[in-house]
Amino acid sequence: MTTYMNTLVGQVTAVRPGLFSATLNEDTDGNLPRAMLNGERVPVGQPGSYLAITQKGIRVLAMVTEMVEQDIVEPSNNLPGRRNVKQRAIKLIPLGEINSGGTFENGVKSYPVAGAEVHAVSEDDIKSIFVKFRSHGYSLGTLSGHSSLDVCFDPATLFGRHFAILGQSGAGKSWAVANIIQRAVKVMPNAHIILLDLHGEYAWKDQEGKQHYAFDENVVRHIDARDLEMPYWLMTFSELVDLLIDRNDENASTQIAFLRDSVHDLRNKSNKELGISHLTVDSPVYFSLDALYGYFEEANKMTTNFGKEKGPLAGKFDQFLMRLQSRMNDVRYNFMLRPSHRTSSDSLGGLLRDFVGLGDPKRQITVIDISTVPFDVRPTVTSQIGRLAFEFNYWNPHYRDFPILLVCEEAHAYIPRDKDPRYEGTRQSMQRIAREGRKYGVGLAVVSQRPNELSETVLAQCNTFICLRLTNPDDQAYVRNLVPEAERDLIEVLSSLGRGEALAMGAAVPLPTRLQFNKPNPVPNSSDVDFYTQWVTGLKDLDVDDIVDRWRHQNRLKS
């Protein structure tokens, strides 16, 4: 344990419950102090570094958030009058105390007063902070400024209480995601992780058609969202309404009422062999979409008085029938509305086995590739995925023994903060996981470059935040309001973080920690396009007909 005899670097000048101020000692040439720690002279006062405040048995660990230069007036040596001199001062956020046994404890029970000594912190002190979670062996990186010290997270809290990875484009989010998942399956071989891949970064084919993964091939399975087939009959009634009914239609309320009765009747008629007498309008059982169309068409043409008068619903379903016919004829919706495999209630078990990694072959990581799904269909697909993840463990009697993590890449693209009705189903699915998922062993990880555009309900339920570089003032302000008040000043650090460097805050780390993530191996397919190299030595011609063919077939990965 540090004796705090040769590590003095300054004195406290002001104390508030969540913020300390201190001045730094300087030599006669005005140089900042450098402390000898573990045989190395290290600079003191770097933002994000740790210092210890000691005073009569009190040992408070704090993080430097700001350094300023201030003017002070002092007597002039051997000369009359006084002189103005410069002095460096720092601001510190108290993080916790180091007790008499050398163990770090969150929170500050006894505050120092002005005049307390500020000391450089030894490696032993820093080790005492992270020893709490070291036994799990879940190390994700090294401490910034102390590359010899690894940073261990609490995996039970990280995955069980939801977390967010936030950072602007190019900050290293994909590397962080790959690293977190790679370490998870290595340390916890029975992990069950579902990853929504919007850009084909975690499973992709090269120009020769060879399949690549951001994970070991023995632990990952790649599924094209279209091949997975999440059929219409798995949708809840509200999801069917969002897909099939235009709420701005003057007959929308009539259409919704008739749709409810029709779907309920068709689910019961189509599944008599199941022996279930109480199927609801939301029960996950098969019914024919063509039969549903027939119900509406018949009601829309119905007449009374031997054909002399129109029926009460005649003409009210014109818009609905056109909308449904349009969806059924759109090949982009075939994997939902015209499934080739999921054509009976018995196929649900196979779908769920593939979904959670229990299919053939069994895998810990299921990468669901949404990059092949047209943009305007993604909200419906992601809504289904979120709901299936929750429903699976909600009805699983062994949910405590089979926890699931759902990782949502580019979450702002389908879980937006605004109330756009196109994303209502996805918002409800993901918000349900955020609010209730941990009770049933369903964890949620949201990854976004625009936290200001992401559902605040989802973010508010996250207990750990991994923040990479963020320079946008609106995003910084949004994140500042999400974290505990005592840690809000730390957000200023985000604009100065390097690639792959992050500030981790919340329940899964013992204290706010600035760390450098380990480089994942293998790395995801997320590198930026090298404009300079390609414009110097790149392609001079292209097969434009092939581009047109891919566009027409709506298939970016077509070989």
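Residues numbered from 1 in each chain as written. Predicted model: local features only at pLDDT ≥ 70, side-chain atom pairs only at ≥ 80, totals over all residues. Heavy atoms only, no water.

Asker: When you look at the pairing of strand β19 (residues 365-369) in this model, what are you seeing that I'm missing?
Answerer: Side chains on a regular strand alternate between the two faces of the sheet. Counting buried residues in β19 gives five out of five residues, a clear majority hidden from the surface. Alternating positions in β19 separate into two faces, I365, V367 and D369 on one and T366 and I368 on the other, with burial throughout. As defined by bridge partners, strand β13 (residues 193-197) adjoins β19 across five bridges and the pair is classed as parallel. Among the inter-strand pairings, D197 is bridged to a residue of β19, identified as D369. (Buried < 20%, exposed > 50% of the residue type's maximum accessible area, 1.4 Å probe, protein only. Helix = DSSP H or I, 4+ residues; strand = E, 2+ residues; numbered from the N terminus. Pairing = 2+ DSSP bridges.)

Asker: I tried to follow the side chain of Q255 on my own but got confused; where do I start?
Answerer: Within the secondary structure, Q255 sits in helix α6 (residues 252-269). Within the local environment of Q255, its side chain forms a polar contact with the backbone oxygen of K316, the two atoms lying 3.1 Å apart. In contact with Q255, other than residues within four places in its own chain, are I245, D249, F296, K316, F317, Q319 and F320. (Polar contact = N/O pair within 3.5 Å; in protein donor to acceptor, adjacent residues only side chain to side chain. Contact = heavy atoms within 4.5 Å.)

Asker: Before we go on, may I ask you to explain the sheet that holds strand β23 (residues 501-506) in this structure?
Answerer: Hydrogen bonds between backbone atoms are what pair the strands of a sheet, whose relative direction is either parallel or antiparallel. An order of β11-β10-β24-β23-β22-β12-β21-β20-β13-β19-β16 is seen for the 11 strands of this open sheet, with the pairing classed as mixed. If you trace the sheet from one side to the other, it starts and ends with β11 (146-152) and β16 (220-224), each paired once. Sheet twist, expressed as the average angle between the axes of neighbouring strands with direction ignored, equals 25°. Most of the contacts of helix α10 (residues 348-355) go to β19, to which it runs at about 105°, and overall it touches β13, β16 and β19. (Axes fitted to C-alpha atoms, helices over the stretch in contact; angles between N-to-C directions.)

Asker: Which parts of the structure should I look at to understand the layout of surface pockets?
Answerer: Think of a ball as big as a water molecule: rolled over the atoms, this probe shows where empty space is left. By volume, the second largest pocket is sized at about 640 Å³. Taken together, 23 residues line the second largest pocket, and the ones lying closest to its centre are D282, S283, P284, E391 and W395. For the lining of the second largest pocket, the secondary-structure elements that each account for two or more residues are α10 and α11 (378-394). The dominant element in the lining of the second largest pocket, judged by the number of residues it contributes, is α11, at five residues. For the lining of the second largest pocket, a count of residues per class yields 13 nonpolar, six polar and four charged. (1 Å grid on protein atoms, 1.4 Å probe; cavity = no way out; pocket = protein on both sides within 12 Å on 5 of 7 lines; lining within 4 Å. Points joined across faces, edges and corners; volume = space filled by probe spheres on them. Nonpolar A, V, L, I, M, F, W, Y, C, P; charged D, E, K, R; others polar.)

Taken by themselves, the reported measurements are silent on function.
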